[in-house]
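Architecture and fold: a report
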Amino acid sequence: MDKLSIDWLKGRLIKSDFKDVLNGAFDIKSEDKSVFNYFKYPKKGGFENFFDKDYDFSRIKLNHKATLIDIDNSIIEFNYEHTQLFDTIINSIPIPELVKITKNVPAEIIKAADELKFTSLIQLNVIANRKKCAITELTWFYVYDENMDISRISIIDNLTSNSNESKIAFQVEIFRRNDEEYDIEDISKKGIVDLCKILKIDDEDIIDYESVFIKYAYVISDKQRSNNVKLIEDFYESNKIFGVGLYGRWNYVWSDVAFQSGVDMAKKLQKK
């Protein structure tokens, strides 16, 4: 804990009010406060449906993985096959991956990228017997139990209009640090056991599940993060490569802030 920074808390915590603190000390209930009181979610299409009307997808080329960036010659390679010249790049892939594919990167930049910390996600997509589950009315909730690996459980059916009388879908999140060694299959099996305990169901009430590994989940804000990111950003921006989003800026932000960073960067570059 002594290695962590608190810079990621901005915007997530409500500023303390002395009156509320004093009332709390004497068990006097104050007005409930929260960062947000409600949220919206598309009935169909999932999270990406928020953006369907904002883009001309005919102009977006999919399945183009950047595999090499030659900053000296302003060349970017895709899928180890074809190359093209670039004037400016707006980057949203994780900074460590950007550094790995960049040719002739200074040693100090490589070192700074290697020191960036993050968590990986083992996500369990689970379908269970709705009638047996003890918890079905929530949208998501957190699990605080040192004997369980699960951090959060989302009830997907309650976020959409695709409900089923006999089945219910859960999304279970389990995290690991990038410097840990672990077995995904073992973690997944234990995750299902723990989920059954939480939902108060038996193994046979799990109709089906799959585990999905996501290498980059959340940025860990340690005390070295800010200086290392600044060093990397200065190097890339001097070569006309600009970072946006959670991974491109390597800053733990909510999705709305990540999206806005892309909008702000586009406007900034347009003015130039």
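Let's shift gears to the overall build of the chain. A tally of helices and strands in the chain yields seven helices and ten strands. C-alpha extents for the chain along the principal axes are approximately 60 × 50 × 40 Å. Split into buried and exposed, the 272 residues of the chain put 35% on the buried side. If the 39 positive side-chain charges of the chain are averaged to one point and the 46 negative ones to another, these points end up 5 Å apart.

So, about the pairing of strand β2 (residues 75-78). Note: strand β1 (residues 66-70) against β2, four bridges, orientation antiparallel. Bridge pairing in β2 links D70 to I75. Counted between consecutive antiparallel strands, the loop separating β1 from β2 contains four residues, among which S74 sits at a positive phi close to 55°. Here four bridges tie β2 to strand β3 (residues 82-85), and the two strands are oriented antiparallel to one another. Residue pairing across strands places I75 opposite L85, the latter belonging to β3. Following β2, the chain reverses through three residues before pairing antiparallel with β3; N79 in that reversal takes a positive phi of roughly 55°.

Right, let's talk about the sheet that holds strand β5 (residues 119-129) for a bit. Strands sit in the order β6-β7-β8-β5-β9 across an open sheet of five strands; the sheet is antiparallel. Only two strands of the sheet have a single neighbouring strand rather than two, namely β6 (140-142) and β9 (206-214). Across the sheet, the mean angle separating the axes of adjacent strands is 20° when strand polarity is ignored. Both β6 and strand β7 (residues 150-155) contribute to a ladder of three bridges, which runs antiparallel. Residue pairing in the sheet places W140 in a bridge with S154 of β7.

With that settled, the discussion passes to the sheet that holds β1. Taken in spatial order, the three strands line up as β1-β2-β3 in an open sheet, and their pairing is antiparallel. The sheet is open, and its two edges are formed by β1 and β3, each paired on a single side. Across the sheet, the mean angle from the axis of one strand to that of its neighbour is 20°, orientation sign disregarded.

With the rule as written, the count across this model stands at one cavity of 30 Å³ or more. Looking at the largest cavity, its volume works out to about 80 Å³. Around the largest cavity, the lining residues are N91, I95, L98, I232, E233, Y236, E237, I241, F242, G243 and G248. Of all the secondary-structure elements, those providing two or more residues to the lining of the largest cavity are α2 (95-101), α5 (225-237) and β10 (241-243). A total of four residues in the lining of the largest cavity trace back to one element, the largest contributor, which is α5. Its residues placed into classes, the lining of the largest cavity shows six nonpolar, three polar and two charged.

What follows is about helix α4 (residues 184-199). In a regular helix each residue adds 1.5 Å, so 16 residues correspond to 22 Å; α4 covers 22 Å between its end C-alpha atoms and thus fits that length. Listing the buried residues of α4 in full gives I187, S188, G191, I192, D194, L195, C196, I198 and L199. In the core, the buried residues of α4 are packed alongside β5, β6, β7, β8 (167-177) and β9. The backbone nitrogen of E185 lies 3.0 Å from a side-chain oxygen of the residue at the head of α4, namely D183. Following α4 by one or two positions, K200 adopts a phi angle in the positive range, close to 60°.

Conventions we followed
Residues numbered from 1 in each chain as written. Predicted model: local features only at pLDDT ≥ 70, side-chain atom pairs only at ≥ 80, totals over all residues. Heavy atoms only, no water. Helix = DSSP H or I, 4+ residues; strand = E, 2+ residues; numbered from the N terminus. Buried < 20%, exposed > 50% of the residue type's maximum accessible area, 1.4 Å probe, protein only. Lys, Arg positive; Asp, Glu negative; His and termini not counted. Charge placed at Lys NZ, Arg CZ, Asp CG, Glu CD. Pairing = 2+ DSSP bridges. Axes fitted to C-alpha atoms, helices over the stretch in contact; angles between N-to-C directions. 1 Å grid on protein atoms, 1.4 Å probe; cavity = no way out; pocket = protein on both sides within 12 Å on 5 of 7 lines; lining within 4 Å. Points joined across faces, edges and corners; volume = space filled by probe spheres on them. Nonpolar A, V, L, I, M, F, W, Y, C, P; charged D, E, K, R; others polar. Expected span 1.5 Å × (residues − 1). Contact = heavy atoms within 4.5 Å. Polar contact = N/O pair within 3.5 Å; in protein donor to acceptor, adjacent residues only side chain to side chain.

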